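Spelled out from the first residue to the last, the chains are:
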Amino acid sequence: FLKKLDIFLLILFPIVSVVLSLSLKANFLLTTLLFFGLPSLWLSVRTNHRVVKTAIFSFIWAIPLTFFADYIATINGAWLVPQTVFPVRLFGIIPIEDFVWMFLAAYSVLIFYEHFLDKGKHELVDKRIKYLLWPWILLAIVFVSILFASPELLKIKYAYFYLGLIFIFLPAITFLSFFPRLLSKYVKTASYFFVLGILFELTGLHLNNWSFPKDGYFIGWVELFGYRFPFEEFLFWFVIGAISVLSYYEFFDDDRK
């Protein structure tokens, strides 16, 4: 019965999220909490023994990546959140909502995976996590140094493409080349989040919660139901985003099985 209830609710949650977001004219934060918070909350209750491990990894993965990627994307016109409910933006650029979105997006993928498909290690943090932490720390030092010394170096045409290639696409492809047996589990997870991501995107664009200002700074565009977003968004987040998060997770914090 509970498995059938899981499936029913995971189908229902996106529908409820769309209806509530549109009827309430929800901002970026509320839309994020509806689309990614509802499934995360339910699956956390159902898989409570994996919540802390999954949350710790989501934080370690999502917060540094948001810091690097969203700053570069925003200053290059690849991404813009016009309004924030918070009184400050990090460095005057990155809205706090971006961090909430990235964390919840990663967490929802991982708790879904843990609940339905994985019976991984029980340690809260695997010792291999240091191989993710140290590069993040080094990258943060380099990034902040450039930011204060030569910020013009962060002006990059096609920034979204290069960010997605480096942080999302290549890690996923590299990991799967060594552990191809995991692809079937990844695809099952990614299929759900592909649909959820598309609905979230179209709803957010309708509500003007974000935009992609620089037309000439993307490799292409996708049009759905009258809404337009970059091909990079479609490829790196909807198609391979969940697969990439799972690849990082299995490699740095789980058993690779």
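Q: What am I meant to see in the pairing of strand E3 (residues 221-224) here?
A: Note that E3 and strand E4 (residues 227-230) share 4 bridges and pair antiparallel. Following the sheet pairing, Trp221 is matched in E4 by Pro230. Where E3 hands over to E4, the hairpin turn is made up of 2 residues, of which Phe225 adopts a positive phi near 50 degrees.

Q: It is not clear to me how helix H9 (residues 241-253) should be interpreted in this structure. Could you clarify?
A: For H9, with 13 residues, the first-to-last C-alpha span of 18 Å sits near the 18 Å given by 1.5 Å per residue. Counting buried positions over the 13 residues of H9 gives 12, a clear majority of the element. Those residues of H9 that fall on the buried side of the exposure criterion are Gly241, Ala242, Ile243, Ser244, Val245, Leu246, Ser247, Tyr248, Tyr249, Glu250, Phe252 and Asp253. Taken together, the buried residues of H9 touch helix H3 (51-75), helix H4 (96-116), helix H5 (130-149), helix H6 (159-178), helix H7 (183-206) and helix H8 (231-239).

Q: What am I meant to see in the side chain of Ser40 here?
A: Position of Ser40 among the secondary structure elements: in helix H2 (residues 28-46). Discounting residues that sit within four places of it in the chain, Ser40 has contacts with Leu104, Tyr107, Ser108 and Ile111.

Q: Mind showing me how you'd approach the side chain of Asn76 here?
A: Secondary-structure assignment places Asn76 in the loop between H3 and strand E1 (89-90). The buried category is assigned to Asn76, whose relative accessible area is 3%. Here the side chain of Asn76 touches Leu154 through a polar contact of 2.9 Å, landing on its backbone oxygen. If we ignore the near neighbours within four places in the chain, the residues touching Asn76 are Leu154, Lys155, Ile156, Ala159, Lys214 and Tyr217.

Q: So what exactly am I meant to see when it comes to the environment of Phe218 here?
A: Structurally, Phe218 is set in the loop between H7 and E3. Among the residues examined, Phe218 registers a relative accessible area of 6% and is labelled buried. A C-alpha to C-alpha distance of 8.3 Å links Phe218 and Lys157, two positions 61 residues apart in sequence. Those residues in contact with Phe218 that lie beyond four places of it in its chain are Gly77, Ala78, Tyr158, Tyr160, Phe212, Pro230 and Glu232.

Q: What is the right way to look at the packing of H3 against H9 in this model?
A: Each pair of packed helices gets described by two things: the angle between the helix axes and the distance between those axes. Running from amino to carboxyl end, H3 crosses H9 at an angle of 110 degrees, the nearest separation of the two axes being 11 Å. Considered as vectors, H3 and H9 are oriented roughly perpendicular to each other. Along this stretch, H3 crosses H9, giving a crossing that reads as right-handed. Across from Lys53, Thr54, Phe57 and Trp61 in H3, the residues of H9 making contact are Val245, Tyr248, Tyr249, Phe252 and Asp253. Split by residue class, the contact of H3 with H9 holds 6 nonpolar, 1 polar and 2 charged.

What counts as what
Residues numbered from 1 in each chain as written. Predicted model: local features only at pLDDT ≥ 70, side-chain atom pairs only at ≥ 80, totals over all residues. Heavy atoms only, no water. Pairing = 2+ DSSP bridges. Helix = DSSP H or I, 4+ residues; strand = E, 2+ residues; numbered from the N terminus. Expected span 1.5 Å × (residues − 1). Buried < 20%, exposed > 50% of the residue type's maximum accessible area, 1.4 Å probe, protein only. Contact = heavy atoms within 4.5 Å. Polar contact = N/O pair within 3.5 Å; in protein donor to acceptor, adjacent residues only side chain to side chain. Axes fitted to C-alpha atoms, helices over the stretch in contact; angles between N-to-C directions. Parallel < 35°, antiparallel > 145°, perpendicular 65-115°, else oblique. Left-handed = near helix turned anticlockwise from the far one by under 90°. Nonpolar A, V, L, I, M, F, W, Y, C, P; charged D, E, K, R; others polar.

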